[in-house]
Amino acid sequence: MAALVGSAGVAWVPAVAEDTGEPTQAQPTLPTEQLSITSASGRHVFGVEVAKTPRQQQVGEMFRTQVLADGGMLFPWGTPQQSDMWMENTLVPLDIVFIGPDQRVLSIVENAVPQSLAHISSHGPALATLELAGGVTAKLGIMVGDKVESPSLAPATPAAPVVQAVQPTTKTP
């Protein structure tokens, strides 16, 4: 699935020349991490690929012929923003899960239609977008408000301030 990121006009800026142009094939498997969603029906764990670069996000799940029931792809946006996706060149139905700034499910679009050019919107600021196999969210009872945890969603830990010891000075009269 391809991503259009941000209504504020985020443009795709390829890192290298070969990353230009329309995708024509599936991208290699991306680095993966564990992601969990805690819902009323329990804790559901997925091994998700993480699309970090603009090109990885543009290609997404395009041209893939399957998404495993316990797999998927996570699109971390860095900062919360409007997220719009579409299914161009995506051959399988997907459940699109938008994750809000509070790391909770903001909205879900179930069984997005393969190859559709219709925009699928987060309808508000999303910290990330998660693509799962079509039908998984309904099967597992995943709903808006459920908690999502993943290393890519963890808030950055600010560096501890450096405290310099002040040496007392003594004055002699």
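Conventions we followed
Residues numbered from 1 in each chain as written. Predicted model: local features only at pLDDT ≥ 70, side-chain atom pairs only at ≥ 80, totals over all residues. Heavy atoms only, no water. Phe/Tyr/Trp six-rings, centres within 6.5 Å; stacked < 30°, edge-to-face > 60°. Buried < 20%, exposed > 50% of the residue type's maximum accessible area, 1.4 Å probe, protein only. Helix = DSSP H or I, 4+ residues; strand = E, 2+ residues; numbered from the N terminus. Polar contact = N/O pair within 3.5 Å; in protein donor to acceptor, adjacent residues only side chain to side chain. Contact = heavy atoms within 4.5 Å. Pairing = 2+ DSSP bridges. pLDDT = per-residue confidence, 0-100.

1. So, the packing of aromatic side chains
Tallied over the entire structure, the rule returns one aromatic pair. Centre to centre, the rings of Phe75 and Trp77 are 5.9 Å apart; their planes meet at 35 degrees, and the pair counts as tilted. Like Trp77, Phe75 is buried.

2. Digging into the side chain of Gln81
Looking at where Gln81 falls in the secondary structure, it is placed in strand 4 (residues 71-86). Within polar-contact distance, the side chain of Gln81 engages the backbone oxygen of Trp77 at 3.4 Å.

3. Focus on the environment of Ile99
With respect to the helices and strands, Ile99 occurs in strand 5 (residues 94-99). By relative accessible area, which is 0% here, Ile99 ends up buried. Look past the residues within four positions of Ile99 in its chain and what remains in contact with it is Leu74, Arg104, Leu106, Ala126, Leu127, Ala128, Leu130, Val148 and Leu153.

4. A look at the pairing of strand 5
Where burial is concerned, most of strand 5 is hidden: six out of the six residues are buried. Residues Leu94, Ile96 and Phe98 point to one face of strand 5 and Asp95, Val97 and Ile99 to the other, with burial holding for every one of them. With five bridges connecting them, strand 5 and strand 6 (residues 105-112) associate as antiparallel partners. If you follow Ile96 over to strand 6, its bridge partner there is Val109. Hairpin geometry of strand 5 and strand 6 is characterised by an intervening segment of five residues between the two adjacent antiparallel strands and by a positive phi of about 65 degrees at Gln103.

5. Things to note about the confidence of the model for the protein
In this model, the protein carries an average pLDDT of 86, and 78% of its residues clear a pLDDT of 70 or more. Low pLDDT (under 50) marks residues 4-17, which in the prediction has 20 contacts with non-local residues, meaning those over four places away or in another chain. Counting contacts from residues 168-172, a segment whose pLDDT is below 50, to residues more than four positions away or on other chains yields zero contacts.

6. Some remarks on the side chain of Ser107
Inspection of the secondary structure assignment puts Ser107 in strand 6. A polar contact is formed between the side chain of Ser107 and the backbone oxygen of Ser122, at a distance of 3.5 Å. Setting aside residues up to four positions removed in sequence, Ser107 forms contacts with Ile96, Val97, Phe98, Ser121, Ser122 and Val144.

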